[in-house]
Amino acid sequence: IDLFRRFQRTFARGFGVPCGVIGPAHEIGRAVLAHEPLSVALAILQIEWMTQAHYVESVKNDAALEPHFKELLRCHWLEEAQHARMDTLIVELLAERCSAAERARALEGYLSIGALVAGGLAQQLELDIEAFEAKVGRKLTPEVGRQVRAVQLSANHFTYLGSGMLHPKFQRTVAGLGPELLARVQEVAAAFC
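(A) Quick peek at the overall build of the chain. Within the chain, the secondary structure is distributed over eight helices and zero strands. Moving toward the C terminus, one meets the helices and strands of the chain in the order α-α-α-α-α-α-α-α. By the compact-globule yardstick of 16 Å for 193 residues, the chain fits well, its C-alpha radius of gyration being 18 Å. Taking the principal axes of the C-alpha coordinates as reference, the chain spans close to 55 × 35 × 30 Å. Residues counted as buried form 37% of the 193 residues belonging to the chain. In the chain, of all internal contacts separated by at least 6 residues, the share reaching a separation of at least 24 is 77%. Total accessible area on the chain stands at roughly 11500 Å², and carbon and sulfur atoms take up 62% of it. Counting 20 positive and 22 negative side-chain charges, the chain places the averaged centre of each group 5 Å from the other.

As structure tokens, then:
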């Protein structure tokens, strides 16, 4: 977390214009934590597996990336690998204590958290475009704006939602909750891929 905060401060100094972020963080946290513990644990686990997939598939072998940013993501990848293993066990422990109906309800809560993330990604994209326009000193044309929004939102949905939902280790954990729940995750993931 400290590395990301330091990167954010360095970016802000170097970029030269403010780049807004969604939040406040405590409100987002409150919305997530309003769900059942198993729902929250599934969301956390999916994000951890997403982090693993993102680094391996998009960062690790990309020599064109800025070295310090790449190192930041490598450190995050290493940290999340430990969390993913531990949180898989937590999900399994929480699920053991639930009936099939409770697991199904928890999965729907997890999907609600995913919808919250999807909405946040759309809001963040607007803030990113606003910062970009301020940096270049002009507004995107309506057509270019539509294209940027479509491409970037699709990429964000896949990166932050689809890739984690389809990660084989996340799917194996969800399958342990029930095959019908895995089918539900796969169905929803298709919208983000």
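(B) Just the pattern of salt bridges, in detail. The full count for this structure, using the stated rule, is nine salt bridges. For Glu133, the salt bridge is made with Lys139, and the minimal N-O distance between the two is 3.5 Å. Its relative accessible area of 13% is what places Glu133 among the buried residues. Assessed through its relative accessible area of 63%, Lys139 is described here as exposed. By sharing partners, the salt bridges in this structure join Glu108, Arg184 and Glu187 into a single network.

(C) Structural detail: the environment of Met50. For Met50, the position within the fold is in helix α3 (residues 37-59). On the basis of relative accessibility, which here comes to 7%, the residue Met50 falls in the buried class. Not counting residues up to four positions away in its chain, the partners in contact with Met50 are Thr159, Tyr160, Ser163 and Gly164.

(D) View of a nonpolar patch on the surface. Residues Ile22, Ile28 and Leu116 make up a contiguous nonpolar surface patch of roughly 200 Å² in combined accessible area. With respect to the helices and strands, the residue Ile28 is situated in helix α2 (residues 25-33). Judged by its relative accessible area of 34%, Ile28 falls in the partly exposed class.

(E) Molecular detail of the packing of aromatic side chains. Under the counting rule described, the total for this entry stands at five aromatic pairs. Taken together, a centroid distance of 5.7 Å and an interplanar angle of 45 degrees make the contact between Tyr110 and Phe170 tilted. Residue Tyr110 is located in helix α5 (residues 100-136), and its partner Phe170 is located in helix α7 (residues 168-175); the two are separated by 60 residues in the primary sequence. The exposure classification of Tyr110 matches that of Phe170, with both residues buried. The structure contains a cluster of three or more aromatic residues connected by ring pairs, namely Phe7, Phe11, Phe15 and Phe69. One residue, Lys135, lies across the ring of Phe15, its end atom 5.4 Å from the ring centre.

Thresholds, definitions, all that
Residues numbered from 1 in each chain as written. Predicted model: local features only at pLDDT ≥ 70, side-chain atom pairs only at ≥ 80, totals over all residues. Heavy atoms only, no water. Helix = DSSP H or I, 4+ residues; strand = E, 2+ residues; numbered from the N terminus. Rg over C-alpha atoms; globule rule 2.2 N^0.38 Å. Buried < 20%, exposed > 50% of the residue type's maximum accessible area, 1.4 Å probe, protein only. Contact = heavy atoms within 4.5 Å. Areas by Shrake-Rupley, 256 points an atom, 1.4 Å probe, with all protein chains shown as cover. Lys, Arg positive; Asp, Glu negative; His and termini not counted. Charge placed at Lys NZ, Arg CZ, Asp CG, Glu CD. Salt bridge = Lys/Arg side-chain N within 4 Å of Asp/Glu carboxyl O. Patch = residues over 30% accessible without salt bridge, like charges linked within 9 Å, V, L, I, M, F, W, Y side chains within 5 Å. Phe/Tyr/Trp six-rings, centres within 6.5 Å; stacked < 30°, edge-to-face > 60°. Lys NZ or Arg CZ within 6 Å of the ring centre and 35° of its normal.

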